[in-house]
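Structural overview
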Amino acid sequence: MTDQTKRAVVEQRLQNALAARFGEDISIPEGTQGLDALLVQAEHRSLRAYADRPVSGDLLRLICAVALSAPSKSDLQQADIIMVEETAQRQAIAELIPTMPWVGAAPAFLVVCGNGERLLAASRLHGVDFANRHMDQLFNASVDAALVLQNLITAADAVGLGSCPISVLRNHAPVVDRILTLPDFVFPVAG
């Protein structure tokens, strides 16, 4: 297959994926680069059924490192990823969400957290009064966590792992906070 034929196949798959999602044709400008990456994103689907095989710690660490390489609001990297490996913690979280059995059944469960403490720590480090004692900690950390979550999903897709964001964790944030013993100003955004 020639490069031109491969490109035509990728373009067609990309257009089909976008038409299926949005119900309209989306044109691809001539010469657009990165179609393979765009196709991966357009064809992404959340997966809620998983193979019964473990995911190695090294692979999880790799995709977490890639995820945490996401762009960052205010350049403070105000997000963390917790690998929930303790059986008791995992079971306690799964019991909070009985309508989502995949939470307990997935071979790995990660929690992406916003970390509002980093903004306070940066202020202390530079000897500056933290002037924005309002929603900045929440907004900045939430944006960073969302960027990390997207990178995590993309990295999982790239290595052949399925994923499904579990935002309902926020409905149980105080309990998840206790289960994971999160520090002050750190909060769960999604599993």
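Please refer to the structure placed before this passage.
Residues numbered from 1 in each chain as written. Predicted model: local features only at pLDDT ≥ 70, side-chain atom pairs only at ≥ 80, totals over all residues. Heavy atoms only, no water.

This part is about the sheet that holds strand β2 (residues 110–115). In spatial order, the strands read β1-β2-β3; together these 3 strands make up an open sheet with antiparallel pairing. The sheet is open, and its two borders are formed by β1 (79–83) and β3 (186–190), each paired with just one other strand. The average angle at which neighbouring strand axes cross in this sheet is 35°, direction not considered. Inspection of the sheet shows β2 paired to β3 by 4 bridges, in the antiparallel sense. The partner of N115 across the bridge, within β3, is V186. Helix α7 (residues 136–158) contacts β1, β2 and β3 of the sheet and is inclined by roughly 150° relative to β2. (Pairing = 2+ DSSP bridges. Helix = DSSP H or I, 4+ residues; strand = E, 2+ residues; numbered from the N terminus. Axes fitted to C-alpha atoms, helices over the stretch in contact; angles between N-to-C directions. Contact = heavy atoms within 4.5 Å.)

Considering all chains together, one arrives at 4 salt bridges under this definition. Residues R7 and E11 are paired through a salt bridge, measuring 2.9 Å at the closest nitrogen-oxygen approach. Note that R7 and E11 are positioned in helix α1 (residues 3–22) at a spacing of 4 residues, about one turn of the helix. We classify R7 as partly exposed; its relative accessible area is 28%. A salt bridge links E117 to R124; the nearest nitrogen and oxygen atoms lie 2.2 Å apart. Taking relative accessible area as the criterion, E117 reaches 24% and is therefore assigned partly exposed. Take R124: its relative accessible area is 54%, and that puts it in the exposed class. (Salt bridge = Lys/Arg side-chain N within 4 Å of Asp/Glu carboxyl O. Buried < 20%, exposed > 50% of the residue type's maximum accessible area, 1.4 Å probe, protein only.)

A few words on the nonpolar core. In this structure, I63, I81, L110, V112, V148 and L152 are the most contacted members of the largest nonpolar core, which totals 20 residues. At the level of secondary structure, the elements contributing two or more residues to this core comprise α3 (57–67), β1, β2, α7 and β3. Among the elements that make up this core, the one with the highest residue count is α7 (7 residues). Ignoring any residue separated from it by four or fewer positions in sequence, one finds V112 in contact with D80, I81, A145, V148, L149, L152, F187, P188, V189 and A190. Of all hydrophobic cores here, the second largest spans 18 residues; its members include I97, C113, V176 and L180. (Core = buried A, V, L, I, M, F, W, Y, C linked by side-chain atoms within 4.5 Å.)

Once that is clear, we can look at the side chain of D144. Locating D144 in the fold gives a position in helix α7. Salt bridges are absent for the buried D144, whose nearest opposite-charge side chain, R118, sits at 6.8 Å. A distance of 2.7 Å separates the side chain of D144 from the backbone nitrogen of Q78, its partner in a polar contact. Excluding its chain neighbours within four sequence positions, the residues that come into contact with D144 are P71, S72, K73, L76, Q77, Q78 and A79. (Lys, Arg positive; Asp, Glu negative; His and termini not counted. Polar contact = N/O pair within 3.5 Å; in protein donor to acceptor, adjacent residues only side chain to side chain.)

Where α3 contacts α7, the two axes come as close as 8 Å, and the packing angle between them is 135°. Accordingly, the angle class assigned to the pair α3 and α7 is oblique. Seen along the crossing, α3 lies across α7 with a hand that is right-handed. Here α3 contributes I63, V66 and A67 to the contact with α7, which in turn contributes V148, N151, L152, A155 and A156. Considered class by class, the residues forming the contact of α3 with α7 number 7 nonpolar, 1 polar and no charged. (Parallel < 35°, antiparallel > 145°, perpendicular 65-115°, else oblique. Left-handed = near helix turned anticlockwise from the far one by under 90°. Nonpolar A, V, L, I, M, F, W, Y, C, P; charged D, E, K, R; others polar.)

Honestly, it's all geometry; don't read function into it.
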